[in-house]
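If you want the building blocks of each chain, they are given just below.
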Amino acid sequence: GNIRKRKDGRYEVSVMVGYHPEGRRKRKTFYGKTRREVVDKLHAFQQEIDMGMDLDVDYTFDQAADLWLDLRKSKIAPATYQSYEYTLRTLKCKFQNVKLRKMNPIQIERAMDSLAAEGYSASYLTKCRAVLNMIFKKGVAAGWVTWNPIGSVEPSKAKVKKKPKEPFSEQEIRLMMTAGEDSLIKHAILFSLSVGLRPQCLVALEPKK
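Our subject in this report is the structure included herewith.

The rules behind each value
Residues numbered from 1 in each chain as written. Predicted model: local features only at pLDDT ≥ 70, side-chain atom pairs only at ≥ 80, totals over all residues. Heavy atoms only, no water. Helix = DSSP H or I, 4+ residues; strand = E, 2+ residues; numbered from the N terminus. Buried < 20%, exposed > 50% of the residue type's maximum accessible area, 1.4 Å probe, protein only. Contact = heavy atoms within 4.5 Å. Areas by Shrake-Rupley, 256 points an atom, 1.4 Å probe, with all protein chains shown as cover. Phe/Tyr/Trp six-rings, centres within 6.5 Å; stacked < 30°, edge-to-face > 60°. Lys NZ or Arg CZ within 6 Å of the ring centre and 35° of its normal. Core = buried A, V, L, I, M, F, W, Y, C linked by side-chain atoms within 4.5 Å.

Topic: the overall build of the protein chain
Here comes step 1: Secondary structure summary: the protein chain contains eight helices and three strands in total.
Here comes step 2: Out of the 209 residues in the protein chain, the part that is buried amounts to 27%.
Here comes step 3: Intrachain contacts of the protein chain at a sequence separation of at least 6 include 53% that bridge at least 24 residues.
Here comes step 4: Of the roughly 14,800 Å² of accessible surface on the protein chain, a fraction of 53% belongs to carbon and sulfur atoms.

Pasting the structure below:
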């Protein structure tokens, strides 16, 4: 593309990257404070194209995560799907509206440290990292991104804040047994409390055939 200096002092380069469905040219424009800066941005963009980046998609993390999970749905057990869905809710709080291509190791490390400070366990942080890794691996294969930053993410060194665990009192148990109207949710909670069933195991239960 042609490089020109704008009236505001910045440099600009615009290149054609294809055509819109109606036939108009589709262009990508880069700006920089110096000529060298826009040239470097152009070269980096050309390298991304050579590495297989899909120019027609630029997903946010939320969009990429939902698409990844939808593609996995038919290949995994319902309990695994529910587990992934829960983990993604946590991750979306940290990367909401962030472009997948803009995510980098430092940003991800800070998010993991933040989760540790909020009290999430080391095993859950490992699970979050594993889910991120699977999303980026799919992203590289599909051309959403050109690389997987998870390999450069160092394990969180933040001290996990342990939450104190206290059993329900007899009064609280009586209240749960008697309060509220009968419903599937109430019975599920009471059943889980009675037998010590974890939420993920409860979700995985299926009717006997």
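Some details on the packing of aromatic side chains
Here comes step 1: Applying the stated criterion to the full structure yields five aromatic pairs.
Here comes step 2: Both rings, one in Tyr86 and one in Tyr124, keep their centres 6.0 Å apart while their planes meet at 65°; by these two values the pair is edge-to-face. With Tyr86 in helix α3 (residues 78-95) and Tyr124 in helix α5 (residues 122-142), the pair connects residues that are 38 residues apart, well separated along the chain.
Here comes step 3: The interplanar angle of 20° and the centroid separation of 5.2 Å between the aromatic rings of Tyr120 and Tyr124 together place this pair among those described as stacked.
Here comes step 4: Ring pairing ties together the aromatic residues Tyr86, Tyr120 and Tyr124, which thus form one cluster.
Here comes step 5: Here the basic side chain of Arg10 rests over the ring of Tyr31, its NZ or CZ set 4.8 Å away from the ring centre.
Here comes step 6: Just above the ring of Tyr81 sits the side chain of Lys73; from NZ or CZ to the centre is 5.3 Å.

A few points about unusual backbone geometry
Here comes step 1: Not every positive phi belongs to a glycine, and Asn97 is a case in point at roughly 65°.
Here comes step 2: With respect to the helices and strands, Asn97 occurs in the loop between α3 and α4 (105-117).

Remarks on the nonpolar core
Here comes step 1: Counting 31 residues, the largest nonpolar core has Phe61, Leu88, Leu91, Phe95, Met103, Ile108 and Leu132 as its most contacted members.
Here comes step 2: Once you skip the residues sitting within four places of it in the chain, Met103 turns out to touch Phe61, Phe95, Val98, Ile108, Leu132, Phe136 and Pro149.
Here comes step 3: Membership of the second largest hydrophobic core comes to six residues, among which are Val13, Val15, Val38 and Leu42.

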